[in-house]
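# Structural overview for review
As a plain string of letters, each chain reads:
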Amino acid sequence: MDWILVLEWVIKSIVLILFGLVGFAYTTYYERRALARIQTRIGPNRAGPFGLLQPVADGIKLIFNEELIPAKADRFLFLLAPVLTVLPSLIIWAVVPWGTSITLFGRDIPLYLADINVGVLYVMAVASIAVYGIVIAGWSSNSKYPLLGSLRSTAQIISYELSLGLAFVGPILLSDSMSMIQIVEKQQETYWFFILQPLGFVIFLLAVLAEVNRAPFDMPEAEQELVGGYHTEYSGMKFALFFMAEYIKMIAVSAIAATLFLGGYSGPFVDTLPWLGPIYLLLKIIILLFGMIWVRGTLPRFRYDRLMGFGWKIMLPAALINVFITAVVIVLLK
Amino acid sequence: MKIPELMLVNEIFRGLWTTFKSMFEKPVTIQYPEEKREPKPRFKGRHALKRYENGLEKCIGCALCAAACPSDAIFVEPAENTDKKRYSPGERYAVTYEINLLRCIYCGFCADACPTEAIVLEKIYELAYRDRNEAFFTKEKLLDPVSDPDLETPQTVEPGSFPRSIPLMKDPV
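Computed from a prediction, not measured in an experiment: that's the story for all the values here.

### As for the overall build of chain B
Within chain B, the secondary structure is distributed over four helices and five strands. Ordered by position in the sequence, the α and β elements of chain B form the string α-β-α-β-β-α-β-β-α. Relative to the 2.2 N^0.38 estimate, which gives 16 Å for 173 residues, the radius of gyration of chain B is 26 Å and therefore markedly larger than a compact globule would have. Reported as C-alpha extents along the three principal axes, the dimensions of chain B are approximately 95 × 35 × 35 Å. Within chain B, the proportion of its 173 residues that are buried is 18%.

### With respect to the overall build of chain A
A tally of regular secondary structure across chain A gives 12 helices and two strands. Reading chain A from its N terminus to its C terminus gives the helix and strand order α-α-α-β-β-α-α-α-α-α-α-α-α-α. Since a compact globule built from 334 residues should have a radius of gyration of about 20 Å, the 20 Å found for chain A is in line with a globular shape. Its C-alpha atoms give chain A principal-axis dimensions of about 60 × 50 × 45 Å. If you take every contact in chain A between residues at least 6 apart in sequence, the share linking residues at least 24 apart comes to 77%.

### Structural notes on the interface of chain A and chain B
With 10 residues of chain A at the contact, the number on the chain B side is 11 residues. For the side of chain A that touches chain B, the secondary structure elements donating two or more residues are helix H1 (3–38) and helix H11 (276–298) of chain A. When the residues that make up the side of chain A that touches chain B are grouped by side-chain class, the tally is five nonpolar, three polar and two charged.

### Some words on the sheet that holds strand E2 (residues 74–80) of chain B
In sheet architecture, strand pairing relies on hydrogen bonds along the backbone and comes in two forms, parallel and antiparallel. All names here are of chain B. One open sheet holds the three strands; their spatial order is E2-E3-E5, and the pairing between them is antiparallel. Looking along the sheet, the strands with just one partner apiece sit at the ends: E2 and strand E5 (136–137). Bridge count for E2 against strand E3 (residues 92–100) is seven bridges, and the pairing is antiparallel. What sits directly across from Pro78, in E3, is Ala94.

### Details of the environment of Glu225 of chain A
Following the sequence through the fold, Glu225 of chain A ends up in helix H9 (residues 223–226). It is 29 Å that separates the C-alpha atoms of Glu225 of chain A and Ile42 of chain A, two residues lying 183 residues apart in sequence.

### Some words on the pairing of E3 of chain B
Note: E3 of chain B against E5 of chain B, two bridges, orientation antiparallel. Across the sheet, the residue bridging to Ile99 of chain B is Phe137 of chain B, located in E5 of chain B.

### Regarding the nonpolar core
The biggest cluster of nonpolar side chains holds 84 residues, and the ones touching the most others in it are Phe204, Ala207, Met244 and Ala257 of chain A. Top contributing element to this core by residue count: helix H10 (residues 236–261) of chain A, with 18 residues. Core analysis: the second largest hydrophobic core is formed by 21 residues, Cys62, Cys69, Ala73 and Tyr93 of chain B among them.

### Topic: helix H5 (residues 144–175) of chain A
Residue and element names in this part refer to chain A. Relative to the 46 Å expected for 32 residues at 1.5 Å per residue, H5 spans 46 Å between its end C-alpha atoms, a close match to the ideal helical length. Along its length, H5 shows its largest kink, about 25°, at Glu161. Just past H5, the residue Asp176 takes up positive phi, approximately 60°.

### Some remarks on unusual backbone geometry
Residues and elements named next belong to chain B. The backbone of Ala63 sits at a positive phi, close to 65°, despite the residue not being glycine. Tracing the sequence through the fold places Ala63 in the loop between strand E1 (47–49) and helix H2 (64–68). For Tyr106, which is not glycine, the phi dihedral falls at a positive 55°. With respect to the helices and strands, the residue Tyr106 is situated in the loop between E3 and helix H3 (109–113). Given 17 C-beta atoms within a 10 Å radius, Tyr106 is considered partly exposed.

### Quick word on the environment of Ile314 of chain A
All names here are of chain A. Considering the arrangement of structural elements, one finds Ile314 in helix H12 (residues 304–333). Under the C-beta neighbour-count criterion, Ile314 is labelled partly exposed, with 15 such atoms within 10 Å. In this structure the C-alpha to C-alpha distance between Ile314 and Ser163, which are 151 residues apart in sequence, comes to 9.7 Å.

### A closer look at H11 of chain A
Taking 1.5 Å as the rise per residue, H11 of chain A with 23 residues should run 33 Å; its terminal C-alpha atoms sit 33 Å apart, in good agreement. What H11 of chain A keeps buried is the set Gly277, Tyr280, Leu281, Lys284, Ile285, Leu288, Leu289, Met292, Ile293, Val295, Gly297 and Thr298 of chain A.

### With respect to the packing of H5 of chain A against helix H6 (residues 180–189) of chain A
Residues and elements named next belong to chain A. With their axes 9 Å apart at the nearest point, H5 and H6 run at an angle of 70° to one another. Classified by the interaxial angle, the pair formed by H5 and H6 is roughly perpendicular. The two elements H5 and H6 meet at a crossing, and its hand is left-handed. Note on element contacts: H6 touches H5 through Gln182, Ile183 and Lys186, opposite Pro171, Leu174 and Ser175. Class assignment for the residues of the contact of H5 with H6 results in three nonpolar, two polar and one charged.

### Looking at the confidence of the model for chain B
Per-chain confidence: chain B averages 86 in pLDDT, with 93% of residues scoring 70 or above. The complex model carries a pTM of 0.78, and its ipTM stands at 0.73.

### Looking at the environment of Ile157 of chain A
Residue and element names in this part refer to chain A. Within the fold, Ile157 resides in helix H5. Ile157 gets classed as buried once you count the C-beta atoms within 10 Å, which come to 23. On a C-alpha basis, the gap between Ile157 and Ala94 in space is 22 Å, while along the polypeptide they are 63 residues apart. Excluding its chain neighbours within four sequence positions, the residues that come into contact with Ile157 are Ser128, Val131 and Glu211.

What counts, and at which threshold
Here the residue index of a chain counts from 1 through its sequence in written order. Chains and ligands are labelled sequentially in the order written, the chains with letters from A and the ligands with numbers from 1. Under the rules for a predicted model, residues below a pLDDT of 70 receive no local features and side-chain atom pairs below 80 are neither given nor counted, while totals for whole chains, interfaces and linings still include all residues. Going along the chain from the N terminus, every DSSP run of H or I of four or more residues is numbered as a helix, and every run of E of two or more is numbered as a strand. We compute the radius of gyration over the C-alpha atoms and compare it with the globule rule, which gives 2.2 Å times the number of residues raised to the power 0.38. With C-beta atoms placed from the backbone, the exposure class of a residue follows from how many other C-beta atoms lie within 10 Å of its own: 20 or more, buried; 12 or fewer, exposed; in between, partly exposed. Contact definition: two residues whose C-beta atoms, as placed from backbone geometry, lie within 7 Å. Residues were grouped as follows: Ala, Val, Leu, Ile, Met, Phe, Trp, Tyr, Cys and Pro as nonpolar; Asp, Glu, Lys and Arg as charged; and all remaining residues, including Gly, as polar. Each pair of strands is called paired provided DSSP finds at least two bridges between the two strands. A set of buried Ala, Val, Leu, Ile, Met, Phe, Trp, Tyr and Cys residues, joined to one another through C-beta atoms within 7 Å, is what we call a nonpolar core. An expected span of 1.5 Å times one less than the residue number is assigned to each helix. One axis fitted to the seven residues ending at a residue, another fitted to the seven starting there: the angle between these axes is the bend at that residue. Lines fitted to C-alpha atoms define the axes here, with helix axes fitted over just the stretch in contact, and angles between the N-to-C directions of these axes take values from 0 to 180 degrees. Angle categories are assigned with fixed cut-offs, so that under 35 degrees is roughly parallel, over 145 is roughly antiparallel, 65 to 115 is roughly perpendicular, and the rest are oblique. For any pair of crossing helices, the crossing counts as left-handed if the nearer helix is rotated counterclockwise from the farther one by less than a right angle, and right-handed if it is rotated clockwise. One confidence number per residue, pLDDT, is output by the predictor and ranges from 0 to 100.

And the structure:
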């Protein structure tokens, strides 16, 4: 392993993390503008041209916020929780393929950080780690609303993780691989998997909404009942980390949805012009993010028992049927 | 799945369509400092002290406004007019007229009580202060400016031109 390869990985990691952070900032802006349009308002348009500096202003405001730690909180875990929440949302990006490879400075540089043969499993595993951060945040705050919020979150994420995992199985069966790259390549050969897996795609999108705690499944942070949910006691940059985790995860799951079901980086002319790959993926991410914002701007929050009932009684059986039918059809076609 | 729940799915799509349509409507936002909304006709904002067309102040310093004020926000100190130094067409005028806008509740009782319609509530609503003392509106700040600098009070008038202690409501000259 030569040092240039290490350098390449380091640079790619930094670029991905920066993408995550800038993406987080501008997803908040995007969401605020889109929600404002849905509500026939204008949205933030004062800071900088078209309000583009609004995320910067928000960031500066959060940095200067007072960092408050409740007197009876468990200090170590209280500080650990936001870090545990934000890290998984950043390391998911390692397996998302942005394209095949481009040639830069005489080197063939693949547009992904790692092509591991259990890419999908890695995504599943890493995405679920974030729930530890939420549970720890709720517990270490030593306060009732955060605790209730984090308990809800645990129950919800575990329920929806099952359907999410089963929704992953469809693309895995169809492409005969768990590697994200091979899943995309298979989609280039055949159809994008949302055509072959419409039910799987819908289940994936719904489960993902619950997974990242977005409306209408934002039970863990239901403002009206739980103040701020698990992050009630957090302020300043520690709160910003939770906020960041939520938005980076939104982008990450959009990227994964695009990769598994919408052909990832594939699109017209991407074979001859590989740098189009990242652009196509970004476009798909933006469209999927709009979907999330649109749903948030439309639907009220589910009642908690309805949410659990929906997860266990409708989503899980539907996902199982989807996997069953997919498997049978694949076997019959062989 | 029960039938009502299936209808719920239909309602979700109807809701999504409604919000999607609303994205293409004109925003209702008024970009405040640049665009200002015209206040309603009966809007009651900050007070102003009016003048007659000949420049004399309408206020005759009777302090009925201070008496009517439910929050005791008005202070009036009257003084005698002379023909050499005439401020108002009446017998007296307000030498001090202060409104504490931190106490004022904009009820408009002062305007109702005024016998000469000297004090009225204008449509001024931009009343932010950097200092509490700025909320004390003195006579200089409340009084309408004169149209012509020659008409500035105090005026010197012919003796005997203003015999009434309370002027008639119409323009007294």
